[in-house]
Amino acid sequence: MDQQPPGAPGPPPPVGGPAGCYRHPDRETAIRCTRCNRPICPDCMVSASVGFQCPDCVRQGSGTGHGASAARPRTLAGGPVAADPRLITKILLGVNVAVFVAVLANGALVDDLVLLGRANFYYGGPPEGIAEGQWYRLVTSMFLHQEVWHIAFNMLGLWWLGGPLEAVLGRVRYLALYLLSGLAGGALTYWLAAPNQPSLGASGAIFGLLGATVVLMRRLNYDMRPVFMILALNLVITFNPWGGIAWQAHVGGLVAGVLIGIGMVHAPRERRDLVQFGTCAVTLVVVILIVVARTAALT
């Protein structure tokens, strides 16, 4: 099948509904390149001064008067378009699996990595936890799982949600979203949970991705019903009457993901970096203040 050359006008949208992306025909989209009018999905759209362009038009410098190297392709959020739009997602998935395997091989690692406010691991032993200066637990707990079903559920969420978000945000912004959502979930758990209650905080980062996905889909005017159904299901699981779920990590990650997502995809073009990284900085400051305040209360 012959492919349209870059810059050539695309076909009109079908009467029956949205067209499929010209690079990914199985993905329906209502967004079209402002240069060639071809349908483009979130993985392919590149933010332009007006609307979005497809990678081919950006690469060819279509209609710009400059060569292909004059402007580097950018994502919707302003990040560079990467050859592998899922690289960071794959690395994060690998880190989670590696930590899970390490814990299976040596169960004692859980005591060193789990999120813990302040407690004695054995009678008469010294207190340990974040309040004792072990702040690293806020990070290590983000990659900690003990049950197969737990890591399977979270890694499926990471793959399904993380890949599209990484493609739209770019690697640096996406990694900031993941880490800050996980830290926010850990900070809220540290603040609200009993200090001697161990917690696995990996789900906080996944809920952050879910919150950012809601913001992104709203920004692109996609049908919100599927993502709202997923969100409602996860909240039901979070607040189930049987307990056993660190709901604080879920809520903290979700709130951080929504706020960072808003800053990422709604930032005005002329002040995009300032708004985006300013939002991340404010989130980090709030996390630090919560941790410092809780530590002061426990010591």
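For clarity, every value in this text was computed on a predicted model and none was experimentally measured. (Residues numbered from 1 in each chain as written. Predicted model: local features only at pLDDT ≥ 70, side-chain atom pairs only at ≥ 80, totals over all residues. Heavy atoms only, no water.)

Asks: So, the packing of helix α6 (residues 171–192) against helix α9 (residues 247–265): which residues are in play, and what are the values?
Replies: Each pair of packed helices can be described by the angle between their axes along with the distance between the axes. Between α6 and α9, whose axes approach to 7 Å, the crossing angle comes to 145°. You can see that α6 and α9 cross each other, and the crossing is right-handed. In this structure, α6 contributes Arg173, Leu177, Leu180, Ser181, Ala184, Gly185, Leu188, Thr189 and Leu192 to the contact, and α9 contributes Trp247, Gln248, Ala249, Val251, Gly252, Gly253, Ala256, Gly257, Ile260 and Met264. Among the residues forming the contact of α6 with α9, the class breakdown is eleven nonpolar, seven polar and one charged. (Axes fitted to C-alpha atoms, helices over the stretch in contact; angles between N-to-C directions. Helix = DSSP H or I, 4+ residues; strand = E, 2+ residues; numbered from the N terminus. Left-handed = near helix turned anticlockwise from the far one by under 90°. Contact = heavy atoms within 4.5 Å. Nonpolar A, V, L, I, M, F, W, Y, C, P; charged D, E, K, R; others polar.)

Asks: I'd love a proper account of the side chain of arginine 272, names of residues and values included.
Replies: Tracing the backbone through its elements, the reader meets arginine 272 in helix α10 (residues 272–298). Buried charge without a partner: arginine 272 forms no salt bridge, and the closest opposite charge is aspartate 273, 5.2 Å away. Contacts of arginine 272, omitting those with residues within four sequence positions, involve Ser47, Leu76, Ala77, Gly78 and Ala267. (Buried < 20%, exposed > 50% of the residue type's maximum accessible area, 1.4 Å probe, protein only. Lys, Arg positive; Asp, Glu negative; His and termini not counted. Salt bridge = Lys/Arg side-chain N within 4 Å of Asp/Glu carboxyl O.)

Asks: Please give an account of the environment of arginine 35 that cites residues and values.
Replies: Positionally, arginine 35 belongs in the loop between β2 (28–29) and β3 (46–47). The exposure class of arginine 35 is partly exposed, given its relative accessible area of 38%. When the C-alpha positions of arginine 35 and cysteine 54 are compared, they lie 8.0 Å apart, and in sequence the two are 19 residues distant.

Asks: How would you explain empty space enclosed by the protein if you had to name every residue and give the values?
Replies: A complete count under the given rule lists one cavity of 30 Å³ or more for this structure. For the largest cavity, the calculated volume is near 40 Å³. As for the largest cavity, its lining consists of Leu115, Leu116, Gly117, Thr189, Tyr190, Ala193, Ala194, Pro195 and Gln197. (1 Å grid on protein atoms, 1.4 Å probe; cavity = no way out; pocket = protein on both sides within 12 Å on 5 of 7 lines; lining within 4 Å. Points joined across faces, edges and corners; volume = space filled by probe spheres on them.)

Asks: Give a detailed account of the nonpolar core, specifying residues and quantitative values.
Replies: One finds Ile40, Leu158, Tyr174, Tyr178 and Leu209 to be the most contacted residues of the largest nonpolar core, which totals 71 residues. Elements that contribute at least two residues to this core include exactly α2 (87–105), α3 (109–113), α5 (148–169), α6, α7 (202–219), α8 (225–238), α9 and α10. By residue number, the principal contributor to this core is α7, which donates ten residues. With sequence-adjacent residues up to four places away left out, isoleucine 40 is seen in contact with Cys21, Tyr22, Thr29, Ile31, Arg32, Cys33, Met45, Phe52, Gln53 and Cys54. (Core = buried A, V, L, I, M, F, W, Y, C linked by side-chain atoms within 4.5 Å.)

Asks: Explain the packing of aromatic side chains to me, and be specific about the residues and the numbers.
Replies: Counted under the stated rule, the structure contains one aromatic pair. If you follow arginine 38 out to its NZ or CZ, it ends over the ring of tyrosine 22, 4.1 Å from the centre. Over the ring of tryptophan 159 we find arginine 86; its NZ or CZ atom is 4.3 Å from the centre of that ring. (Phe/Tyr/Trp six-rings, centres within 6.5 Å; stacked < 30°, edge-to-face > 60°. Lys NZ or Arg CZ within 6 Å of the ring centre and 35° of its normal.)

Asks: Which residues make up the side chain of asparagine 96, and what values do they have?
Replies: Residue position: asparagine 96 is located in helix α2. Exposure remark for asparagine 96: the relative accessible area of 0% places this residue in the buried category. Of the polar contacts made by the side chain of asparagine 96, one reaches the backbone oxygen of leucine 92; its length is 2.7 Å. Among all residues touching asparagine 96, those that are not within four sequence positions of it are Met142, Phe143, His145, Ile151, Met155, Leu158 and Tyr178. (Polar contact = N/O pair within 3.5 Å; in protein donor to acceptor, adjacent residues only side chain to side chain.)

Asks: If you had to explain the layout of surface pockets to someone new, which residues and values would you point to?
Replies: Approximately 790 Å³ is the volume attributed to the largest pocket. Lining the largest pocket are 31 residues, and of these Trp160, Leu161, Thr213, Met217 and Ile230 sit closest to its centre. Secondary structure elements with two or more residues in the lining of the largest pocket: β2, α5, α7 and α8. Examining the composition of the lining of the largest pocket, we find that eight residues originate from one element, α5, more than from any other. Residue composition of the lining of the largest pocket, grouped by class: 21 nonpolar, six polar and four charged.

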